[in-house]
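Examining the three-dimensional arrangement
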Amino acid sequence: MTADRSDNDDSDAFPADRRQFYRISDRVGLEIRRHAADDTSPASPFDGSLLESLRAEFRRLDQDVRSQLTALAERDRLLTSLIKSLNGKLDALERIMAFEQNPLQPEDWQTVTLSEGGLAFETDTNDYDVDDRLSIRLTLPPEMFQPLATARILAIEPGDNGRYRVHAEFVDIHDNDRQQIARHILRWQARQRQNE
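Residues numbered from 1 in each chain as written. Predicted model: local features only at pLDDT ≥ 70, side-chain atom pairs only at ≥ 80, totals over all residues. Heavy atoms only, no water.

Some words on the nonpolar core
Using the following cut-off: Definition of nonpolar core: a set of buried residues of the types Ala, Val, Leu, Ile, Met, Phe, Trp, Tyr and Cys, connected through side-chain atoms within 4.5 Å. Throughout this description, buried means an accessible area under 20% of the type-specific maximum (1.4 Å probe, protein chains only), exposed means over 50%, and partly exposed covers the range between. Secondary structure follows DSSP: runs of H or I at least 4 residues long count as helices, runs of E at least 2 residues long count as strands, and numbering of each begins at the N terminus. It only takes one pair of heavy atoms within 4.5 Å for two residues to be counted as in contact.
Ranked by size, the top nonpolar core spans 23 residues in total, and within it Leu114, Leu119, Phe121, Leu138, Phe170 and Ile181 carry the most contacts. Every element with two or more residues in this core is listed here: strand 2 (23-34), strand 3 (109-115), strand 4 (118-123), strand 5 (133-139), strand 6 (148-158), strand 7 (164-173) and helix 3 (175-195). In terms of residue count, the dominant contributor to this core is strand 7 (4 residues). Dropping the residues within four chain positions of it, Ile181 is found in contact with Leu114, Ser115, Glu116, Leu138, Leu140, Pro147, Phe170 and Ile173.

Quick look at the structure:
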């Protein structure tokens, strides 16, 4: 597993302004759904159920709690600490329930290059084209966060092993999902420092 400041390995192939996020190479759960050519914003490509509205409500409530904790921290540190712990417990319960509801198969786990700005992954077939839009759901261990994003393919490169390397940037990602990726990267870095 490696870490780098850029979003890809070939510095000449991509614009320099994309290298604003720290990237890591990590094994994650990766689910991909291609958008139809005329569909730039599919409703819910992964489950399409009532759970999406519940998840949106959960995110809204989580943001409310986080914003109110800042004001509460100034007045009562002990109560703030308790509420943060309860909020963390609810977050863990949400991840457990989400993962139990949709367990990933072994083939859904692969090593990707990941940053807050996008990802690169390998595929067996060259079924993708540059500028294709993909709906992506990641499962980030060990926390089991499941951020969702829409990505646009920037480049497809043939690999040495007969596979293809797909480079994509996130073009539509909820701020909370981007923060989950950022926290995952920070935790990954901390684990790497502990192992050194």
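Thoughts on the environment of Ala36
Within the secondary structure layout, Ala36 lies in the loop between strand 2 and helix 1 (51-75). Along the sequence, Ala36 and Arg133 sit 97 residues apart, while their C-alpha atoms lie 8.2 Å from each other.

Some words on the environment of Tyr164
Assignment of secondary structure puts Tyr164 in strand 7. Tyr164 gets classed as partly exposed once you look at its relative accessible area, which sits at 25%. Separated by 40 residues in sequence, Tyr164 and Asp124 have C-alpha atoms that sit 6.3 Å apart. Once residues lying within four places of it in the same chain are set aside, the contact partners of Tyr164 are Phe121, Glu122, Thr123, Asp124, Thr125, Asn126, Ile156, Glu157, Pro158 and Gly159.

Some details on the pattern of salt bridges
The condition is simple: A pair is scored as a salt bridge if a Lys or Arg side-chain nitrogen falls within 4 Å of a carboxyl oxygen belonging to Asp or Glu.
Across all of its chains, the model carries 7 salt bridges by this definition. With a shortest N-O distance of 2.7 Å, Arg152 and Asp131 are connected by a salt bridge. Here the residue Arg152 occupies a position in strand 6, and Asp131 occupies one in the loop between strand 4 and strand 5, the gap between them amounting to 21 residues. A relative accessible area of 22% means that Arg152 is categorised as partly exposed. In the salt-bridge network here, residues are joined through shared partners; they are Glu122, Asp124 and Arg163.

A look at a nonpolar patch on the surface
Selection criterion: The patches reported here contain residues having more than 30% relative accessible area and no salt bridge. Joining distances are 9 Å for like charges and 5 Å for nonpolar side chains (Val, Leu, Ile, Met, Phe, Trp, Tyr). Note on areas: Shrake-Rupley with a 1.4 Å probe; residue coverage comes only from the protein chains shown.
A cluster of nonpolar side chains, contributed by Leu79, Leu82 and Leu86, occupies part of the molecular surface with about 260 Å² of accessible area. With respect to the helices, strands and loops of the structure, Leu82 is situated in helix 2 (residues 77-101). Classification of Leu82 as partly exposed rests on a relative accessible area of 48%.

Quick word on the side chain of Thr123
Keep this limit in mind: Within 3.5 Å is the distance limit for a polar contact, defined as a pair of N or O atoms, with the added protein rule that one can donate a hydrogen and the other accept it, and that residues adjacent in sequence qualify only through two side-chain atoms.
Here Thr123 lies in strand 4. At a separation of 3.4 Å, a polar atom in the side chain of Thr123 contacts the main-chain carbonyl oxygen of Thr125. Beyond its immediate stretch of four places on either side in the chain, Thr123 contacts Tyr128, Arg163, Tyr164 and Val166.

Scope: geometric values only; no functional claims are made or implied.
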